[in-house]
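# Structure at a glance
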Amino acid sequence: WFSNEHAGETCPTLQTQRLKIARRFVAATHADFVERAKNFPLKPLFDKSAKVVGDENYEKMVSYQIQGLIHPDVVQVEDKIYLKDTAKRLGIPATKSYFGAHDDDWDAAAFGGAM
């Protein structure tokens, strides 16, 4: 889970301490996390409980992902214009967007000016 393949090699004692602390935290909180998740309300876009039976293979899980991507509500998650607007509203830094438009507000001149 490290982006550096040598993570921990320069100070293995510290790395061991970090891993032990993280493992203790997971062990102490996992049951509570799972219990709370049982009653966590999910929007229909994310709720796969009626579909998942527990023996899904990779291809079946991919099909669930694809079904989610064609769900009408996915635009609230995948649309980068909405994402950047939400990030801005919440004060979260995001990459600069030079131009963005939906079909209903597309303006070729504005696009040309931005480029």
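The structure we're discussing is the one just above.
Residues numbered from 1 in each chain as written. Predicted model: local features only at pLDDT ≥ 70, side-chain atom pairs only at ≥ 80, totals over all residues. Heavy atoms only, no water.

### What about the overall build of the protein?
Per the secondary structure count, the protein includes 5 helices and 0 strands. In the protein, the succession of α and β elements from N to C terminus is α-α-α-α-α. By the compact-globule yardstick of 13 Å for 115 residues, the protein is too spread out, its C-alpha radius of gyration being 21 Å. If one aligns the C-alpha atoms of the protein with their principal axes, the spans along those axes are about 60 × 45 × 30 Å. Sorting the 115 residues of the protein into buried and exposed places 8% on the buried side. Taking the contacts inside the protein whose residues are at least 6 apart along the sequence as the reference set, 16% of them involve residues at least 24 apart. (Helix = DSSP H or I, 4+ residues; strand = E, 2+ residues; numbered from the N terminus. Rg over C-alpha atoms; globule rule 2.2 N^0.38 Å. Buried < 20%, exposed > 50% of the residue type's maximum accessible area, 1.4 Å probe, protein only. Contact = heavy atoms within 4.5 Å.)

### Some thoughts on the packing of aromatic side chains
A full pass over the atoms with the stated rule returns 3 aromatic pairs. A centroid spacing of 5.7 Å and a plane angle of 85° characterise the contact between phenylalanine 99 and tryptophan 106, whose relative ring orientation is edge-to-face. Among the residues examined, tryptophan 106 registers a relative accessible area of 47% and is labelled partly exposed. Aromatic rings pair up to connect Phe99, Trp106 and Phe111 into one cluster. (Phe/Tyr/Trp six-rings, centres within 6.5 Å; stacked < 30°, edge-to-face > 60°.)

### Some words on helix α1 (residues 12-38)
Its 27 residues give α1 an end-to-end C-alpha distance of 38 Å, which sits within 8% of 39 Å, the value for a rise of 1.5 Å per residue. Taken as a whole, α1 carries its principal kink of about 45° at threonine 29. (Expected span 1.5 Å × (residues − 1). Bend = angle between axes of the 7 residues up to and from the residue.)

### Regarding the environment of proline 44
Examined against the element boundaries, proline 44 turns out to sit in the loop between α1 and α2 (58-69). Taking the C-alpha atoms as reference points, proline 44 and proline 93, separated by 49 residues in sequence, lie 29 Å from one another.

### Topic: a nonpolar patch on the surface
Together, Phe40, Leu42, Phe46 and Val77 give the surface a local cluster of nonpolar side chains, amounting to about 410 Å² of exposed area. Its location among the elements puts leucine 42 in the loop between α1 and α2. (Patch = residues over 30% accessible without salt bridge, like charges linked within 9 Å, V, L, I, M, F, W, Y side chains within 5 Å. Areas by Shrake-Rupley, 256 points an atom, 1.4 Å probe, with all protein chains shown as cover. Salt bridge = Lys/Arg side-chain N within 4 Å of Asp/Glu carboxyl O.)

### Quick look at helix α4 (residues 80-90)
For α4, the capping residue at the N-terminal end is aspartate 79, with a side-chain oxygen 2.8 Å from the backbone nitrogen of isoleucine 81. Downstream of α4 by a residue or two, glycine 91 has a phi angle that is positive, lying close to 75°. (Polar contact = N/O pair within 3.5 Å; in protein donor to acceptor, adjacent residues only side chain to side chain.)

### Let's talk about the environment of glycine 112
Inspection of the secondary structure puts glycine 112 in helix α5 (residues 108-114). Along the chain, glycine 112 and phenylalanine 99 lie 13 residues apart, while their C-alpha atoms are 9.6 Å from each other.

### A short note on a negative patch on the surface
On the surface, Asp103, Asp104, Asp105 and Asp107 cluster together into a negatively charged patch. Its location among the elements puts aspartate 105 in the loop between α4 and α5. (Lys, Arg positive; Asp, Glu negative; His and termini not counted. Charge placed at Lys NZ, Arg CZ, Asp CG, Glu CD.)

### Notes on the pattern of salt bridges
As enumerated under the stated definition, the model contains 3 salt bridges in all. Between lysine 80 and glutamate 78 there is a salt bridge, and its shortest N-O distance comes to 3.8 Å.

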